[in-house]
Amino acid sequence: MKIKSIRLKNGYKRFHDLTIDLGDSPARIVALVGPNGCGKSSVLDGMLYLQSAHVGRIGKTGNKDYSYHSMHGEANFNFENIELAFEEGSFQTVVARKKIAGNNQTIFSFRSPYRYNSSLKVTATKSTTEIRLNNYGASTASAIDEKMEENYRRLFAKFNKYLDENDCKPSEAKTKIIGDLNTSIEACLDIKISNLGNIEANQGSLYFIKYDQQTPFEFDVLSSGEKEVVDILLDLYLRKEAYDETIFLIDEPELHINTAIQKKLLLEINKLVGENCQIWVVTHSIGLLRALQDDLKDDCQIIHFEPALNFASEALILKPIAKNHHSWREIFETALDDLTGLVSPKEIIYCEGKASPSANGENGLDAKVYNKIFGESYPNTLFVSSGGNTELDQRSDIAILILSKVFTGLNILVLKDRDMASGANTSQNDRTLYLKNNPANHRVLVRWELENYLYDKELLQAYALKHGLNFDESKYDAAVSNIEDDDVKSITGQIKSIVGLVGSVQVDKFKIALAEVVNKEMTVYKELEKCIFMP
């Protein structure tokens with residue numbers, strides 16, 4: 001059972017007249033993506049409003065009158081302003097068919113973004129209504145979705161029922177009842193349910209263990225994100241049988257959950273929901289979007305609520321976006337609130353230099369120097385220090401795999417010193433052969449290493465002039481015979497003396513100060529620019 005289209009007209013909440021048209025072959029997963037406040041959750045509320053009018057309200061919290069559903073607060077505003085079409089026909093057609101089997105309350109299953117599950121401590125047993133009646137939890141997107149206690153009782157009842165019917169050991173019943181649930185939980189988190197507690201012993205809670213801690217701890221000890229994951233997966237697990245032909249409406253399931261787990265959660269939601277069902281998810285989560293882009297791309301349709309659209313004043317028809325690079329970039333920018341354009345450079349160049357801070361080190365020094373030299377001329381390029389020769393290859397490969405998927409059009413280069421053979425002599429011919437036999441994004445300095453550019457005579461003379469120091473040219477010529485190939489880094493102390501510096505001067509600050517003197521007319525600048533940007 002799948003929805004083909006929904007229309008919200010005559011000022012339903014935020015919309016003047018909005019139609020979402022999924023076409024004749026709607027996908028299993030429909031993702032509504034857009035910035036906060038654009039009306040994504042209102043689409044789900046429209047479905048629930050229609051459900052309430054024809055079948056009865058689902059959930060027990062969030063009963064709203066016309067003032068909630070009408071943009072203009074019209075007292076006569078009703079469900080007739082929502083039109084819903086399924087593959088098999090109208091909403092009324094679906095209701096009539098499902099009524100025959102007595103499961104018309106399972107047309108929708110709804111999760112609001114507001115879940116109150118910070119504590120689970122059941123102190124007394126009591127009966128629960130059939131899950132197919134759908135009469136617990138939230139009724140609107142703005143309501144608190146209190147389901148955890150009810151679901152704990154249902155899980156415990158399911159466990160006891162299995163014990164009674166099969167005359168087996170509790171451990172066997174546990175394996176059967178919570179085995180599949182644990183499979184989903186463990187796919188997202190490093191925890192699993194160890195036991196269901198004991199209400200009569202004042203231990204009415206789920207108990208968990210971690211892989212590195214086998215002592216059981218109760219639900220209340222979990223983090224907010226862990227509670228959210230367990231809450232959502234438990235609810236879907238319990239609904240599997242009765243909700244086998246349902247539209248699952250899930251509003252921002254990513255709250256309190258980090259990006260990596262968000263992706264895993266959506267994959268598990270997809271597994272727990274029956275194959276004859278459809279999932280509508282409201283999100284602006286990077287993790288969920290990555291799951292849709294990489295793992296569920298053939299099973300999803302994305303509806304993009306673009307910020308520039310005039311939802312409140314114009315009649316609009318939204319259709320699924322084409323899943324190409326341009327479209328994915330747009331929705332990722334929406335998910336990041338356009339931060340991709342602000343913080344993502346167009347080009348990242350991984351260079352040598354310590355990648356991590358150290359007590360005496362030049363962490364990131366090479367990158368700082370390059371960024372000083374080229375920051376103005378190449379404002380969309382960012383140099384990043386990533387360790388030595390081998391580390392540089394590893395980190396750049398990882399960056400290409402990850403960043404290029406998120407930031408389309410990003411260019412990633414690898415810049416190595418010519419001393420890339422671990423100190424062994426590397427000639428200009430070796431450099432040429434390396435570039436010929438490696439990917440096109442690799443670069444190698446013409447001179448031995450970065451200091452061979454910073455300690456260039458022309459640059460040192462300009463530095464001395466700028467700071468009113470006396471440059472000793474004869475001493476420089478005696479110390480440096482070949483600026484391209486000599487190991488000048490080892491004579492940094494002499495270089496400082498040659499430019500007239502006296503006293504203690506921090507080496508990395510000295511090198512950055514030299515970089516600040518470089519200008520476009522210097523040979524140093526032209527050589528570096530040519531081997532990095534114009535190979």
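For the structure itself, consult the block above.
Counting restarts for each chain, with residues numbered from 1 along the sequence as it is written. Owing to the predicted nature of the model, reporting of local features is limited to residues with pLDDT of at least 70; listing and counting of side-chain atom pairs is limited to 80 or more, with chain, interface and lining totals taken over all residues. Excluded from the side-chain calculations are hydrogens and water; all other atoms, namely the structure's heavy atoms, are used.

(A) Region of the structure containing helix H7 (residues 259-272). With 14 residues, H7 should cover 20 Å at 1.5 Å per step; its first-to-last C-alpha distance of 20 Å lies within 8% of that length. For the exposure calls, accessible area comes from a 1.4 Å probe over protein chains only, and a residue counts as buried if that area is under 20% of its type's maximum, exposed if over 50%, partly exposed in between. Runs of E in the DSSP output that reach at least two residues are strands. Runs of H or I that reach at least four are helices, and both are numbered from the N terminus. Turning to H7, its buried residues number three or more, namely Ile261, Gln262, Leu265, Leu266, Glu268, Ile269, Asn270 and Leu272. Contacts are residue-level and defined by heavy atoms, with any inter-residue pair within 4.5 Å sufficient. Structurally, H7 contributes buried residues whose contacts are with strand E3 (29-33), helix H5 (170-188), helix H6 (224-239), strand E10 (247-251), strand E11 (278-283) and helix H8 (286-294). Contacts described as polar in this section are N or O atom pairs within 3.5 Å, which, within protein, must combine one atom able to donate a hydrogen with one able to accept it, while residues neighboring in sequence count only if both atoms come from side chains. Sitting at the head of H7, Asn258 places a side-chain oxygen 3.1 Å from the backbone nitrogen of Ala260. What a helix is expected to span follows from its residue count: subtract one and scale by 1.5 Å.

(B) Summary view of the sheet that holds strand E6 (residues 108-111). One open sheet holds the 5 strands; their spatial order is E6-E10-E11-E3-E12, and the pairing between them is parallel. The open sheet terminates on both sides in strands that have one partner only, identified here as E6 and strand E12 (300-304). Strand-to-strand twist across the sheet, computed as the mean angle between neighbouring axes with direction ignored, equals 15 degrees. Pairing between two strands requires that DSSP report at least two bridges joining them. Lines fitted to the C-alpha atoms define the axes, with helices restricted to the stretch that makes contact. Angles between their N-to-C directions range from 0 to 180 degrees.

(C) A look at the pattern of salt bridges. Salt bridges are counted wherever a side-chain nitrogen of Lys or Arg sits within 4 Å of a carboxyl oxygen of Asp or Glu. Scanning all chains against the criterion turns up 29 salt bridges. The closest approach of N and O atoms between Arg111 and Asp145, which form a salt bridge, is 3.8 Å. Of this pair, Arg111 sits in strand E6 while Asp145 is found in the loop between E6 and helix H4 (148-166), placing the two residues 34 residues apart along the sequence. By the burial criterion, Arg111 is buried, and Asp145 matches it. When salt bridges that share partners are traced, they join Arg111, Asp145, Lys147, Asp231, Asp235 and Arg239 into one network.

(D) View of the packing of aromatic side chains. Only centres within 6.5 Å qualify two rings of Phe, Tyr or Trp (six-membered ring in Trp) as a pair; their planes then separate them into stacked at under 30 degrees, edge-to-face at over 60, and tilted for everything else. A complete count under the given rule lists 20 aromatic pairs for this structure. Seen in terms of ring centroids, Phe91 and Phe108 are 6.2 Å apart; in terms of plane orientation they differ by 20 degrees. Their pairing is stacked. Placement of the pair is Phe91 in helix H3 (residues 91-100) and Phe108 in strand E6, with a sequence separation of 17 residues. Phe108 carries the same exposure label as Phe91, and that label is buried. Among the aromatic residues, those joined into a cluster by ring pairs are Tyr370, Phe374, Tyr378, Phe383, Tyr525 and Phe533.

(E) Up close: the sheet that holds strand E16 (residues 411-416). The parallel open sheet is built from 4 strands, whose spatial order is E15-E14-E16-E17. One side of each edge strand has no neighbouring strand; the edge strands of this open sheet are strand E15 (381-385) and strand E17 (442-444). Across this sheet, the average inter-strand angle for adjacent strands is 25 degrees, counted without regard to direction. In this structure, E16 lies alongside E17, joined through 3 bridges in parallel fashion. By the bridge assignment, Leu415 is partnered in E17 with Arg443.

(F) Highlighting the pairing of strand E8 (residues 207-210). Pairing of strand E7 (residues 191-195) with E8, which is carried by 4 bridges, proceeds in the antiparallel orientation. For Asn195, the partnering residue across the bridge sits in E8 and is Tyr207. Pairing of E8 with strand E9 (residues 213-218), which is carried by 3 bridges, proceeds in the antiparallel orientation. Residue Lys210 lies in a different strand from E9, and its bridge partner there is Gln213. Taken together, E8 and the strand that follows it, E9, pair antiparallel across an intervening segment of 2 residues.

(G) Molecular detail of the nonpolar core. Nonpolar cores are built from buried Ala, Val, Leu, Ile, Met, Phe, Trp, Tyr and Cys residues. Side-chain atoms within 4.5 Å join them into one set. Judged by nonpolar contacts, the single largest core of 62 residues is most densely connected at Leu155, Leu206, Phe208, Val230, Leu292 and Ile302. Broken down by element, this core gets its largest block of residues, 8 residues, from H6. Excluding its chain neighbours within four sequence positions, the residues that come into contact with Leu206 are Leu120, Met148, Tyr152, Leu155, Ile193, Asn195, Leu196, Phe217, Glu218, Phe219, Val230 and Leu234.

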